[in-house]
Protein chains: 2
Amino acid sequence: MSAITVLGLVAAALTTGAYIPQVVKTWRSGSSADLSMGTYAILLAGLVAWLAYGIAVDDLPIILANAVTIVLVGAVLAHVLLSRRRAAARRRAP
Amino acid sequence: MSAITVLGLVAAALTTGAYIPQVVKTWRSGSSADLSMGTYAILLAGLVAWLAYGIAVDDLPIILANAVTIVLVGAVLAHVLLSRRRAAARRRAP
């Protein structure tokens, strides 16, 4: 395995695993008000496009890295959506 | 330009531009308490590794996409670090 391949794998591992601390912090604190829903929605769309691209070019690292990141980013986006919905329900409550 | 290349460019544009709403929200609201410093630090390291990888394999799209994302993610991380330092200073103040 060449040094360049190792560099690519390290880059993929970092940009994939990077979201783990945010998932833990968000679900533990229960607070995601400062997170941009737009960022996580666009990011999710981009990751799905990368996954489709990886399947189209039959590139396993691209498929795996983006599949894992979709799960992590999806977990953050789910929390943001749920807490926004709860906040809206509280505002409507009499 | 093949459909697969277009798909790759769309994926790169989405995962690069995705951070713009977070940069705007963070610098406008002045609040980044819910953001994970770990996520943005690891993400920045991963993006620098991708930039080095792009230079090593002489791939302009990888170089450009990651250079732009480094600026955006760097802007968010800078705000997180600054606000944490200010909060620490306030705690130490007599």
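All figures in this text were calculated on a predicted structure; none of them were measured in a lab.

Calculation rules
- Residues numbered from 1 in each chain as written.
- Chains lettered and ligands numbered in written order.
- Predicted model: local features only at pLDDT ≥ 70, side-chain atom pairs only at ≥ 80, totals over all residues.
- Heavy atoms only, no water.
- Axes fitted to C-alpha atoms, helices over the stretch in contact; angles between N-to-C directions.
- Helix = DSSP H or I, 4+ residues; strand = E, 2+ residues; numbered from the N terminus.
- Parallel < 35°, antiparallel > 145°, perpendicular 65-115°, else oblique.
- Left-handed = near helix turned anticlockwise from the far one by under 90°.
- Contact = heavy atoms within 4.5 Å.
- Nonpolar A, V, L, I, M, F, W, Y, C, P; charged D, E, K, R; others polar.
- Core = buried A, V, L, I, M, F, W, Y, C linked by side-chain atoms within 4.5 Å.
- Buried < 20%, exposed > 50% of the residue type's maximum accessible area, 1.4 Å probe, protein only.
- Polar contact = N/O pair within 3.5 Å; in protein donor to acceptor, adjacent residues only side chain to side chain.
- Buried area = accessible area lost by both parts, 1.4 Å probe.
- Salt bridge = Lys/Arg side-chain N within 4 Å of Asp/Glu carboxyl O.

Caption draft 1: Region of the structure containing the packing of helix H3 (residues 37-56) of chain A against helix H1 (residues 3-17) of chain B. Where H3 of chain A contacts H1 of chain B, the axes come no closer than 8 Å and their chain directions differ by 155°. The angle between H3 of chain A and H1 of chain B falls in the class roughly antiparallel. The chirality of how H3 of chain A crosses H1 of chain B is left-handed. For the pair formed by H3 of chain A and H1 of chain B, the contact residues are Ile42, Leu43, Ala45, Gly46, Leu47, Ala49, Trp50, Ala52, Tyr53 and Ala56 of chain A on the first element and Ile4, Leu7, Gly8, Ala11, Ala12, Leu14 and Thr15 of chain B on the second. A breakdown of the residues in the contact of H3 of chain A with H1 of chain B according to their chemical character gives 14 nonpolar, three polar and no charged.

Caption draft 2: Broad picture of the nonpolar core. Judged by nonpolar contacts, the single largest core of 25 residues is most densely connected at Tyr19, Tyr40 and Leu43 of chain A together with Tyr19, Tyr40 and Leu43 of chain B. Where this core is concerned, the elements lending two or more residues are H3 and helix H4 (60-92) of chain A together with helix H3 (37-56) and helix H4 (60-92) of chain B. For this core, the element with the highest residue contribution is H4 of chain B, accounting for six residues. Those residues in contact with Tyr19 of chain A that lie beyond four places of it in its chain are Tyr40, Leu43, Thr69, Leu72 and Val73 of chain A together with Tyr19, Thr39 and Leu43 of chain B.

Caption draft 3: Summary view of the side chain of Thr15 of chain B. Residues and elements named next belong to chain B. Its place among the elements puts Thr15 in helix H1. Polar contacts involving the side chain of Thr15 include one to the main-chain carbonyl oxygen of Ala11, which spans 2.8 Å. Within the local environment of Thr15, its side chain forms a polar contact with the backbone oxygen of Ala12, the two atoms lying 3.4 Å apart.

Caption draft 4: Expanded view of the interface of chain B and chain A. Residue-level contacts link 33 residues of chain B with 33 residues of chain A. Summing both sides of the interface, chain B and chain A together bury roughly 2,800 Å²; the carbon and sulfur share of this comes to 70%. Between chain B and chain A we count zero salt bridges in total. Our count for the chain B to chain A interface comes out at 19 residue pairs in polar contact (both at pLDDT 80 or more). For the side of chain B that touches chain A, the secondary structure elements donating two or more residues are H1, helix H2 (20-29) and H3 of chain B. For the side of chain B that touches chain A, the element with the most residues is H3 of chain B, which contributes 13 residues.

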